[in-house]
Amino acid sequence: MPDTTQLHTDQVEYWNGVGGARWVSNQKRTEGMISEVADIAILRAAVQPGETVIDIGCGCGGTTIEIAKLIGPTGHVIGADVSAPILAVASDRLAGYSNAKTILADAATYDFPPAAADLLFSRFGVMFFGDPTSAFANMRKALKHTGRVVFACWRPPAENPWMIAPLEATYRHVPPLPQLGPEDPSPFSFGNQERVTRILTGAGFKTPSFEAVNLTFDLAGGKGLDSAVDCALQLGPSSRALEGQPPEVRDAVAISMRELLAGYSEGDSVKMQAAIWIVSTAIA
């Protein structure tokens with residue numbers, strides 16, 4: 001069995017190190033590409049004026065800002081993240097919102113105010129817990145008895161070629177990343193509905209509902225093939241596989257990436273398929 005504590009520690013260290021730095025440097029590109037995910041998830045969450053919301057894994061604050069607008073001056077939103085460099089950006093962006101604050105917090109163990117929140121929300125922020133059942137049980141304590149949970153997570157790798165196809169191109173030149181178990185923290189660790197159901201019901205929530213949403217991401221952001229290649233090199237598992245590789249290897253990967261992505265090019269866009277779950281539940 002894996003050491004869940006070490007797995008969790010590794011994730012926190014990654015997002016406070018190279019992962020956090022990379023996310024910050026690609027903030028505008030990333031938020032632009034996945035903006036539709038936020039729109040759909042927030043819509044499904046049915047955020048209401050005056051509500052108290054906890055935004056888990058808030059990143060650079062994009063979703064927290066949108067929630068702050070919806071809850072109005074009588075509401076309150078807390079953007080929580082484990083990454084100090086990422087949260088610094090979020091804090092700056094939220095400075096003008098009196099109904100919002102950020103906290104540097106590991107949601108798996110943080111002592112949130114009890115029974116205070118109406119909604120626990122997340123866009124891609126819940127898949128990295130070493131012991132997710134324990135983490136969700138901790139977060140449940142922050143919800144009112146009428147509280148609800150809505151989050152977005154990735155469906156399985158085969159349904160997300162926007163991440164997997166560039167990784168396969170990368171593997172032509174570098175050794176594969178260590179093989180992860182199906183329940184190890186990773187972007188795809190919540191892809192299995194049965195596992196997510198087991199986690200949430202084990203943490204004291206009702207059997208969740210799953211909405212499958214299919215999306216198209218423009219890796220180029222409308223800026224052409226070169227931008228798409230850079231995006232594929234900077235984001236997702238390919239970026240991890242390339243850590244520590246010399247420039248000549250990165251150059252070779254870039255050539256393979258360009259050959260791959262050219263097949264998806266449409267004018268100045270490079271469009272690839274993505275697939276997510278919108279998961280909804282409430283306290284049992």
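A brief report on the enclosed structure follows. Predicted, not measured: the structure shown is a model, and the values here were computed from it.

## With respect to the overall build of the protein chain
Helix and strand content of the protein chain: twelve helices and eight strands. A compact globule built from 284 residues should have a C-alpha radius of gyration of about 19 Å, and the protein chain, at 19 Å, falls within 12% of that. The 284 residues of the protein chain split such that 53% are buried. Contacts in the protein chain between residues far apart in sequence, at least 24 positions, make up 79% of those at least 6 positions apart. For the protein chain, the exposed surface amounts to about 12500 Å²; the carbon and sulfur share of it is 54%. In the protein chain, the 22 positive side-chain charges and the 30 negative ones have mean positions that sit 5 Å from each other.

## Quick word on the pairing of strand 3 (residues 100-104)
Here strand 2 (residues 76-81) pairs with strand 3 via five bridges, running parallel. Counted as the bridge partner of Ala80 is Ile103 from strand 3.

## Focus on the side chain of Ser83
Here Ser83 shows up in the loop between strand 2 and helix 6 (84-93). Looking at Ser83, its side chain comes within polar contact range of the main-chain oxygen of Trp15, at 2.5 Å. If we skip the residues at most four places from it in the chain, Ser83 touches Trp15, Asn16, Gly20 and Leu104.

## A closer look at the pattern of salt bridges
For the structure shown, the criterion picks out twelve salt bridges. The partner of Arg29 in a salt bridge is Asp230, and the shortest N-O contact between them spans 2.8 Å. With Arg29 in helix 3 (residues 27-33) and Asp230 in helix 10 (residues 225-234), this pair connects stretches of sequence that are 201 residues apart. The exposure class of Arg29 is partly exposed, given its relative accessible area of 25%. In this structure, Glu183 and Arg195 form a salt bridge, with 3.6 Å as the shortest nitrogen-oxygen distance.

## Comments concerning the pairing of strand 2
The element strand 2 is extensively covered by neighbouring structure, given that five of its six residues are classed as buried. Where strand 1 (residues 52-56) meets strand 2, five bridges bridge the pair, whose relative direction is parallel. Within the sheet, the bridge partner assigned to Ile56 lies in strand 2 and is Ala80. Considered for its hand, the β-α-β crossover made up of strand 2, helix 6 and strand 3 is right-handed.

## Describing the packing of aromatic side chains
Applying the stated criterion across every chain, the model contains 14 aromatic pairs. Judged by centre distance (6.1 Å) and plane angle (85°), the ring pair of Trp15 and Trp23 falls under edge-to-face. The exposure class assigned to Trp23 is partly exposed, which follows from its relative accessible area of 26%. Of the aromatic side chains, those joined through ring pairs into one cluster are Phe129, Phe136, Phe151, Phe190 and Phe205. Sitting over the ring of Trp277, Arg155 keeps its end group 5.4 Å from the ring centre. The aromatic ring of Tyr14 is capped on one face by Arg240, whose charged end is 3.4 Å from the ring centroid.

## Description of the nonpolar core
Residues Phe136, Phe151, Trp154, Phe217, Leu219 and Leu261 are the most contacted members of the largest nonpolar core, which totals 92 residues. Excluding its chain neighbours within four sequence positions, the residues that come into contact with Leu261 are Leu219, Leu225, Ala228, Val229, Ala232, Val270 and Met272.

## Thoughts on the packing of helix 7 (residues 132-140) against helix 9 (residues 193-202)
Packing of helix 7 against helix 9 brings their axes to within 8 Å, and their N-to-C directions diverge by 45°. In terms of axis orientation, helix 7 runs oblique to helix 9. In terms of crossing hand, the pair formed by helix 7 and helix 9 is right-handed. In this structure, helix 7 uses Pro132, Thr133 and Phe136 to contact helix 9, whose residues at the interface are Arg195, Ile199, Leu200 and Gly202. Grouping the constituent residues of the contact of helix 7 with helix 9 by class yields four nonpolar, two polar and one charged.

Criteria and thresholds
- Residues numbered from 1 in each chain as written.
- Predicted model: local features only at pLDDT ≥ 70, side-chain atom pairs only at ≥ 80, totals over all residues.
- Heavy atoms only, no water.
- Helix = DSSP H or I, 4+ residues; strand = E, 2+ residues; numbered from the N terminus.
- Rg over C-alpha atoms; globule rule 2.2 N^0.38 Å.
- Buried < 20%, exposed > 50% of the residue type's maximum accessible area, 1.4 Å probe, protein only.
- Contact = heavy atoms within 4.5 Å.
- Areas by Shrake-Rupley, 256 points an atom, 1.4 Å probe, with all protein chains shown as cover.
- Lys, Arg positive; Asp, Glu negative; His and termini not counted.
- Charge placed at Lys NZ, Arg CZ, Asp CG, Glu CD.
- Pairing = 2+ DSSP bridges.
- Polar contact = N/O pair within 3.5 Å; in protein donor to acceptor, adjacent residues only side chain to side chain.
- Salt bridge = Lys/Arg side-chain N within 4 Å of Asp/Glu carboxyl O.
- Right-handed = clockwise from strand over helix to strand, strands pointing away.
- Phe/Tyr/Trp six-rings, centres within 6.5 Å; stacked < 30°, edge-to-face > 60°.
- Lys NZ or Arg CZ within 6 Å of the ring centre and 35° of its normal.
- Core = buried A, V, L, I, M, F, W, Y, C linked by side-chain atoms within 4.5 Å.
- Axes fitted to C-alpha atoms, helices over the stretch in contact; angles between N-to-C directions.
- Parallel < 35°, antiparallel > 145°, perpendicular 65-115°, else oblique.
- Left-handed = near helix turned anticlockwise from the far one by under 90°.
- Nonpolar A, V, L, I, M, F, W, Y, C, P; charged D, E, K, R; others polar.

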